[in-house]
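So the chains spell out like this:
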Amino acid sequence: MNRQLIVAGNWKMNKNLIEAFSLASEILAKAKKMSDKVQIVLAPPAPYLHTINSMSKDIAHVNIAAQNCHFETSGAYTGEISAEMLHSMNITYVILGHSERRKYFQEDHKILAKKVSAAIKAGVKIIFCCGEPLEIREANTQESFVLQQLEESLFHLTEAEMKQVVVAYEPIWAIGTGKTASPSQAQDMHQFIRKQIATKYTTELADACSILYGGSCKPSNAAELFAQKDVDGGLVGGASLKSEDFLQIIQKRAKQA
Ligand code: 13P
């Protein structure tokens, strides 16, 4: 398999300054000694990005992600951060399309399409989240729901641009609930997403695109999720806030590399 294996930790709005730096230090100290088969991504809150990026710069298999960016390059947008700013800080990724941004900050397909374009234009790679709420899963219409998210906010990218994208499938009903998608539910959706990328672009691009699973991913279920052939890694929320748990998840991914 020529795909990059990735375990990413989305810290969301957690940790004060001291806690954030000690969590990053603990993870980085161990990451340094780990094999580079797995790319580790840390997505701390924005105020800590620059320092944590500097702390990690000597470890090639660790990259830093922002949790959001604005679609404009600069201007009178109080409180916002542009993709250009992230690029100027050498931040590798930005997470876009997260269900929490969609729900609490009214980020719709159109806004997300603009953010996706802005990030690519600025030279920041994207971790693009998609995933369905419970009622859609219960109605068994999750595939068309996710396809619409991809079509409306991501598939306007050119083939070259799409190479800068990692997709994360995060079923909303599994986020922070302790309920995980079963390995076969994850595999089915990942395979579906890869097929859609192949249809829209090429099989080569689809085969090279890393697709991560997110939603109550933890040390106890990571191995069976990662054993699925289209699950290339994880986007981890709660379990990324404890260094031992996050490191164990990375080790599970490395074992199956
Ligand atoms: P949990 O791992 O806490 O369910 O969160 C997943 C997530 O939203 C990662 O972006």
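All of the points below concern the structure found in this document. (Residues numbered from 1 in each chain as written. Predicted model: local features only at pLDDT ≥ 70, side-chain atom pairs only at ≥ 80, totals over all residues. Heavy atoms only, no water.)

A look at the pattern of salt bridges
In total, this model carries 9 salt bridges according to the counting rule given. A salt bridge links E107 to R101; the nearest nitrogen and oxygen atoms lie 3.0 Å apart. Take E107 and R101: they sit in the same class, and that class is buried. Taking the shortest distance from any N to any O, the salt bridge between K229 and D230 comes out at 3.3 Å. Sharing partners across several salt bridges, the network here consists of R3, R194, K229, D230 and D232. (Salt bridge = Lys/Arg side-chain N within 4 Å of Asp/Glu carboxyl O. Buried < 20%, exposed > 50% of the residue type's maximum accessible area, 1.4 Å probe, protein only.)

With respect to the site of the ligand
All residues in the neighbourhood of the ligand are listed as N10, K12, H98, E170, A174, I175, G176, G215, S216, L235, G237 and G238. In this structure, an oxygen atom belonging to the ligand sits 3.0 Å away from a side-chain N or O atom of N10. Within the side chain of H98, a nitrogen or oxygen atom sits 2.8 Å from an oxygen atom of the ligand. Tallied by class, the residues present in the shell around the ligand amount to 3 nonpolar, 7 polar and 2 charged. (Near = heavy atom within 4 Å. Polar contact = N/O pair within 3.5 Å; in protein donor to acceptor, adjacent residues only side chain to side chain. Nonpolar A, V, L, I, M, F, W, Y, C, P; charged D, E, K, R; others polar.)

Thoughts on the state of the cysteines
With the rule as written, the count across this model stands at 0 disulfides. Here C209 stays free of any disulfide, with the sulfur of C130 as its closest cysteine sulfur at 10.0 Å. Residue classification places C209 among the buried residues on the basis of a relative accessible area of 4%. (Disulfide = S-S within 2.5 Å.)

Quick notes on the packing of helix α5 (residues 109-122) against helix α7 (residues 142-153)
For the pair α5 and α7, interaxial distance at closest approach is 8 Å and the crossing angle is 50 degrees. The orientation of α5 relative to α7 falls into the category oblique. For the pair α5 and α7, the contacting residues are H109, L112, A113 and V116 in the first and Q148, Q149, E152 and S153 in the second. A class-by-class count of the residues in the contact of α5 with α7 yields 3 nonpolar, 4 polar and 1 charged. (Axes fitted to C-alpha atoms, helices over the stretch in contact; angles between N-to-C directions. Helix = DSSP H or I, 4+ residues; strand = E, 2+ residues; numbered from the N terminus. Parallel < 35°, antiparallel > 145°, perpendicular 65-115°, else oblique. Contact = heavy atoms within 4.5 Å.)

Here we look at the side chain of H98
Structurally, the position occupied by H98 is in the loop between β4 (93-96) and α4 (99-104). A polar contact is formed between the side chain of H98 and the backbone nitrogen of E100, at a distance of 3.0 Å. Not counting residues up to four positions away in its chain, the partners in contact with H98 are N10, K12, C129, E170 and I175.

Some remarks on the sheet that holds strand β2 (residues 38-43)
One closed barrel holds the 8 strands; their spatial order is β1-β2-β3-β4-β5-β6-β7-β8, and the pairing between them is parallel. On average, each strand axis in the sheet is inclined to that of its neighbour by 30 degrees, with strand direction left out of account. Both β4 and strand β5 (residues 125-130) contribute to a ladder of 4 bridges, which runs parallel. Looking at the pairing, I95 lines up with I127 of β5. (Pairing = 2+ DSSP bridges.)

So yeah, pure geometry; function would need other evidence.
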